[in-house]
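Working through the structure, step by step
If you want the building blocks of each chain, they are given just below.
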Amino acid sequence: MPELRVGLIDSGLAGPSSAQVVASRGFVAGPDGDVIQTAVLEDQLGHGSALADILLQGAPGCRLLNAQVFGRELRCSAGQVAAALDWLLAQRVRLVNMSFGLREDRKVLRLACERARSAGVILVAAAPARGEPVYPASYPGVIRATGDARCTPGELSFLGTPQADFGAHVRSGARGVAGASVGCARVSARAARFLSDSPTATCLQLIDWLAGQASYRGPERRSG
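The text that follows walks through the structure, step by step, so that each part is easy to find. As the structure is a computational prediction, the values presented were derived from the model and not from experiment.

Focus: the environment of Glu-42
Inspection of the secondary structure puts Glu-42 in the loop between strand S3 (35-38) and helix H1 (47-58). Separated by 31 residues in sequence, Glu-42 and Ser-11 have C-alpha atoms that sit 8.5 Å apart. What Glu-42 contacts, discounting residues up to four positions off in sequence, is Leu-13, Ala-14 and Gln-68.

Here it is, written out as structure tokens:
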């Protein structure tokens, strides 16, 4: 059975997770708005490293491809993410985790997501449990994932709300890394486990399987 290749678009990696990385590339914004491909730097935020740990704990047989778009802060352009997606597509990934959300709908990112989905790549992106839509989570066919305080580390929730499809445990174990980004990585880890066993499954089949694994259905109810 071929290895499952999982793309992680984030702040890079550091520590033990690096051993599972088969390829890495950095994507930085150039002075004229273009995107420049570079060698990667060590993760300066700890964000990508924490998410990589979650992915590898949930699906230890997968191989990571590291697309670095964040440097000293969790901020990047839609063009950087689009370039990262196109690179991952060329690397034949099956699944991409994007534990972030951009406020504006940009054509360059929308088209990159369409290209990836047309090639059979499954995209999982972070979304807030409430509030305004973010991208790429709000693009058609992208699995929208968030944090859910009801869930323990091994549980999922099937939310089915206008904001998100699935939720998962919000804490990573890494200091300062929590919330929707962690929930997204946990959903991706469960997806990777399924795809390792069912490599030809479609996105809809994956969604049906994830829904069947859910410990909770419907949105998390909060007081106040």
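There's more to say after this.
Here's the deal with the layout of surface pockets
Considered as a void within the structure, the largest pocket measures approximately 180 Å³ in volume. Lining the largest pocket are 12 residues, and of these Pro-2, Glu-3, Leu-4, Arg-5 and Pro-199 lie nearest its centre. Taken together, the residues of the lining of the largest pocket break down into 6 nonpolar, 2 polar and 4 charged.

What to know about helix H3 (residues 107-118)
An α-helix turns once every 3.6 residues. As a result, residues three or four positions apart point the same way. Taking 1.5 Å of rise per residue, 12 residues should cover 16 Å, and H3 covers 16 Å from first to last C-alpha, within 8% of that figure. All buried positions along H3 are accounted for by Leu-109, Ala-112, Cys-113 and Ala-116. All buried residues of H3 fall inside an arc of 100° around its axis, so they share one side. The exposed residues of H3 that point more than 90 degrees off its buried face are Lys-107 and Ser-118. Close packing links the buried residues of H3 with helix H2 (78-90) and strand S6 (122-126). Gly-120 occupies a position one or two residues after H3 and carries a positive phi of about 90°.

Let's talk about the packing of aromatic side chains
Working definition: an aromatic ring pair is given by the centre-to-centre distance plus the angle between the planes. Enumeration according to the criterion identifies 5 aromatic pairs in this entry. Taking the centre distance of 4.9 Å and the plane angle of 25° together, the rings of Phe-194 and Trp-209 count as stacked. One end of the pair, Phe-194, is in helix H4 (residues 180-197); the other, Trp-209, is in helix H5 (residues 203-213), with 15 residues separating them in the sequence.

Some details on the pairing of S6
Of all 5 residues that make up S6, 5 are buried, and the element is covered over most of its length. Side chains Ile-122, Val-124 and Ala-126 of S6 all project onto a buried face; the interleaved residues Leu-123 and Ala-125 project onto the opposite face, where all are buried too. Where strand S5 (residues 95-98) meets S6, 4 bridges bridge the pair, whose relative direction is parallel. The residue bridging Asn-97 from the neighbouring strand is Val-124, located in S6. A crossover connection joins S5 to the parallel S6 through H3; in handedness this β-α-β unit is right-handed. Two elements, S6 and strand S7 (residues 143-147), share 3 bridges in a ladder whose sense is parallel. The residue bridging Val-124 from the neighbouring strand is Ile-143, located in S7.

Cut-offs used in this document
- Residues numbered from 1 in each chain as written.
- Predicted model: local features only at pLDDT ≥ 70, side-chain atom pairs only at ≥ 80, totals over all residues.
- Heavy atoms only, no water.
- Helix = DSSP H or I, 4+ residues; strand = E, 2+ residues; numbered from the N terminus.
- Contact = heavy atoms within 4.5 Å.
- 1 Å grid on protein atoms, 1.4 Å probe; cavity = no way out; pocket = protein on both sides within 12 Å on 5 of 7 lines; lining within 4 Å.
- Points joined across faces, edges and corners; volume = space filled by probe spheres on them.
- Nonpolar A, V, L, I, M, F, W, Y, C, P; charged D, E, K, R; others polar.
- Expected span 1.5 Å × (residues − 1).
- Buried < 20%, exposed > 50% of the residue type's maximum accessible area, 1.4 Å probe, protein only.
- Arc of directions from axis to C-beta.
- Phe/Tyr/Trp six-rings, centres within 6.5 Å; stacked < 30°, edge-to-face > 60°.
- Pairing = 2+ DSSP bridges.
- Right-handed = clockwise from strand over helix to strand, strands pointing away.

The values reported here are purely geometric and, on their own, carry no functional implication.
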